[in-house]
Amino acid sequence: MSRFKLLATVLLLTLLSACAAPVKPDGSERPAWIDNPGNGVSASAGIHIRGKVAQEELAVMRAREEYAKRFGVSIRSVQTMATTVNNGRASTVGSQVAREDSQQVDVKAMVKAKWRDPANDALWVWLVPSDQ
């Protein structure tokens, strides 16, 4: 009877260890368009103090700036960040100013896809030429 208990224990441990294997949730795999955006551009934005909407706006703005550079649009962008720490509490304040100069260039693009990196909560956007 002890052989049976040993065999049953080994079988049970094998089954339990198979169930304990890490499972990658669907949608968490890094999309190919981030590293190879084709005729579009990909850009990201990390966690934003004003929330997910501001994070998405920042990622789209960065993608638009990069996309516009391809068409001779000159964009000067200055971003200032200041972090202060007082009694173990951190406070970050930031501002951004952008100036865009163009020579009657009509640049049309749209966001084709978005992906949130679960490892660091960064939002990636894929901007492609608009067909309109």
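Below or above, wherever it landed, is the structure these notes cover.

Thresholds applied
Residues numbered from 1 in each chain as written. Predicted model: local features only at pLDDT ≥ 70, side-chain atom pairs only at ≥ 80, totals over all residues. Heavy atoms only, no water. Helix = DSSP H or I, 4+ residues; strand = E, 2+ residues; numbered from the N terminus. Contact = heavy atoms within 4.5 Å. Buried < 20%, exposed > 50% of the residue type's maximum accessible area, 1.4 Å probe, protein only. Core = buried A, V, L, I, M, F, W, Y, C linked by side-chain atoms within 4.5 Å. Salt bridge = Lys/Arg side-chain N within 4 Å of Asp/Glu carboxyl O.

**Observations concerning the environment of Gly94**
Okay, so step 1: Positionally, Gly94 belongs in strand 3 (residues 89–101).
Okay, so step 2: In the structure, Gly94 is positioned twelve residues away from Ala82 in sequence and 6.3 Å away in space, judged by C-alpha atoms.
Okay, so step 3: Contacts of Gly94, omitting those with residues within four sequence positions, involve Thr80 and Met81.

**Focus on the environment of Trp33**
Okay, so step 1: On the secondary structure map, Trp33 appears in the loop between helix 1 (2–19) and strand 1 (41–45).
Okay, so step 2: In this structure Trp33 comes out as buried when scored by relative accessible area, which is 12%.
Okay, so step 3: Put simply, Trp33 and Ala113 are 80 residues apart on the chain and 8.9 Å apart in space, counted from C-alpha to C-alpha.
Okay, so step 4: In this structure Trp33 touches Ser42, Ala113, Lys114, Trp115, Trp124, Val125 and Trp126, once residues within four positions along its chain are discounted.

**Focus on the nonpolar core**
Okay, so step 1: Core analysis: the biggest nonpolar cluster contains ten residues, these being Val41, Ala43, Ala45, Leu58, Ala59, Val60, Ala63, Tyr67, Val125 and Leu127.
Okay, so step 2: Only strand 1, helix 2 (52–69) and strand 5 (123–129) provide two or more residues apiece to this core.
Okay, so step 3: For this core, the leading source of residues is helix 2, giving five residues.
Okay, so step 4: Excluding anything up to four places from it in sequence, Leu58 contacts Ala45, His48 and Gln96.
Okay, so step 5: With eight residues, the next largest nonpolar core counts Trp33, Ala122, Trp124 and Val128 among its residues.

**A short note on the pattern of salt bridges**
Okay, so step 1: Applying the stated criterion across every chain yields a total of four salt bridges.
Okay, so step 2: Between Asp35 and Arg30 there is a salt bridge, and its shortest N-O distance comes to 3.0 Å.
Okay, so step 3: Across the pair Asp121 and Lys52 runs a salt bridge whose closest N-O atoms are separated by 3.5 Å. Taken together, the residues Asp121 in the loop between strand 4 (109–116) and strand 5 and Lys52 in helix 2 connect sequence positions 69 residues apart.
Okay, so step 4: Relative accessible area serves as the criterion here: at 25%, Asp121 is assigned to the partly exposed category.

These values are about where atoms sit, not about what they do.
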